[in-house]
Every structure is written in C-alpha cells, then in structure tokens.
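Take a look at the letters that make up each chain.
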Amino acid sequence: MQTAPNGLPATNTMDINAELRKAEQKEHGFADMFYKAEGRLNRKPYILRVLVLQVVGFCLQLIGLISGAAAAGGFGWQVFCFLIVGIPSILLLIRRLPDLGRTGWFWLLIWFPFVNLALLVYAFCFKGTLGPNRFGPDPLA
C-alpha cells in the first residue's frame, strides 16, 4: 500500500469522485424513484416503474368507476389521477431519454399522434448508451 507524504494511505481522487457520483445516483425512496427529473434511467427500472404506474392507474380508475367519483366530479377525479400517474410517467420518460442519448425535452413528442407510439417503443425497446454520456454516468456502471 502506498502512502502519501503526510503518512496517510494514498488515494486516487478520480476513484473518490466516481464513488461520490455513484452515491448521488442511488435512489433513496419513493420520491426519488418517481418524482425526479435528473439523471439517467436504464430500461429495466423504467419498464417496471411504468408497469407499477399502469396498475395504480387502473386501480384508481376502477375505484372512481365503482364509487361514482369519476362520474360525479369527473374533471376533478381525472386531475387527481393525472397527478398520481401522469406526472410520474412523464418524469420517468424524461429520465429515460437521456439514457438513450436524447434530451429530456423529447418527451413533448408524446403530444403528437403516432409519433408518441414510436417514442414509447423507442423508450421501451432500445438499449441505453454504454458508459457515460453528456447527461451523466451510466446507471448500470
């Protein structure tokens, strides 16, 4: 083991910086998993989280249908469902696109018919860029 001039073990600052970046990439809870727009998200967590949101959305719509909330206060119920499912879905896509080498602003393409389907197929099926890119370190590294 090498020692520095001060008698302490020598460390490589590049290794320390890489470890700090990895620690920052870790997700520490529900809000970090679904309500964060920074960083890169690889394919597997993206697909799993979107599936969880779809199940939650289905359950919310079912609850609204059974309770009559969707019919009685339809717009309010839809806004509530959008806040619970829609916003996190958009934020997940915003994090997925940088892993594919695209800017998060590409999420706006979901508003265009047929282009939105192609964008979602791209997000679900294509592998992210290997290694770090201009949006940050590789989430698999």
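Counting restarts for each chain, with residues numbered from 1 along the sequence as it is written. With pLDDT at 70 or above as the cut-off, local features in this predicted model cover only qualifying residues; side-chain atom pairs require 80 or more to be listed or tallied, and sums for whole chains, interfaces and linings still use all residues. Water and hydrogen atoms were dropped before computing side-chain values, which therefore reflect all heavy atoms in the structure.

## Describing the pattern of salt bridges
No. 1: The salt bridge definition used is simple: a Lys or Arg side-chain nitrogen within 4 Å of an Asp or Glu carboxyl oxygen. Throughout the structure, instances matching the rule amount to two salt bridges.
No. 2: Of the charged contacts, one joins Asp99 and Arg40 as a salt bridge, the two residues approaching to 2.8 Å between their closest N and O atoms. Separated by 59 residues along the polypeptide, Asp99 in helix H5 (residues 74–99) and Arg40 in the loop between helix H2 (30–34) and helix H3 (43–67) bring together distant segments of the chain.
No. 3: For Arg40, a relative accessible area of 3% puts it in the buried group.
No. 4: Put simply, Asp99 and Arg96 hold a salt bridge, and the shortest N to O gap is 2.8 Å. Remark: Arg96 and Asp99 occur in helix H5; sequence separation between them is three residues, near one turn of the helix.
No. 5: What makes Asp99 buried here is its relative accessible area of 2%.
No. 6: To sort residues, take the accessible area from a 1.4 Å probe on protein chains only and compare it with the maximum for the residue type: under 20% means buried, over 50% means exposed, and anything in between is partly exposed. Taking relative accessible area as the criterion, Arg96 reaches 0% and is therefore assigned buried. Every helix listed is a DSSP run of H or I at least four residues long, and every strand listed is a run of E at least two residues long, numbered separately from the N terminus.

## A few points about the packing of aromatic side chains
No. 1: The criterion for an aromatic pair is that two Phe, Tyr or Trp rings (for Trp, the six-membered ring) have centres within 6.5 Å, with stacked assigned to planes under 30 degrees apart, edge-to-face to planes over 60 apart and tilted to the rest. Tallying each qualifying case throughout the model produces four aromatic pairs.
No. 2: Note on Trp77 and Phe80: the rings are 5.4 Å apart at their centroids and 35° apart in plane angle, and the pair reads as tilted. With Trp77 and Phe80 both in helix H5, this residue pair falls three residues apart, about one helical turn.
No. 3: The buried category is assigned to Trp77, whose relative accessible area is 15%.
No. 4: Taking 6.4 Å as the distance between ring centres and 65° as the angle between the ring planes, the aromatic pair formed by Trp107 and Trp111 counts as edge-to-face.
No. 5: A relative accessible area of 16% places Trp107 in the buried class.

Everything listed is a geometric property; what it means functionally is a separate question.
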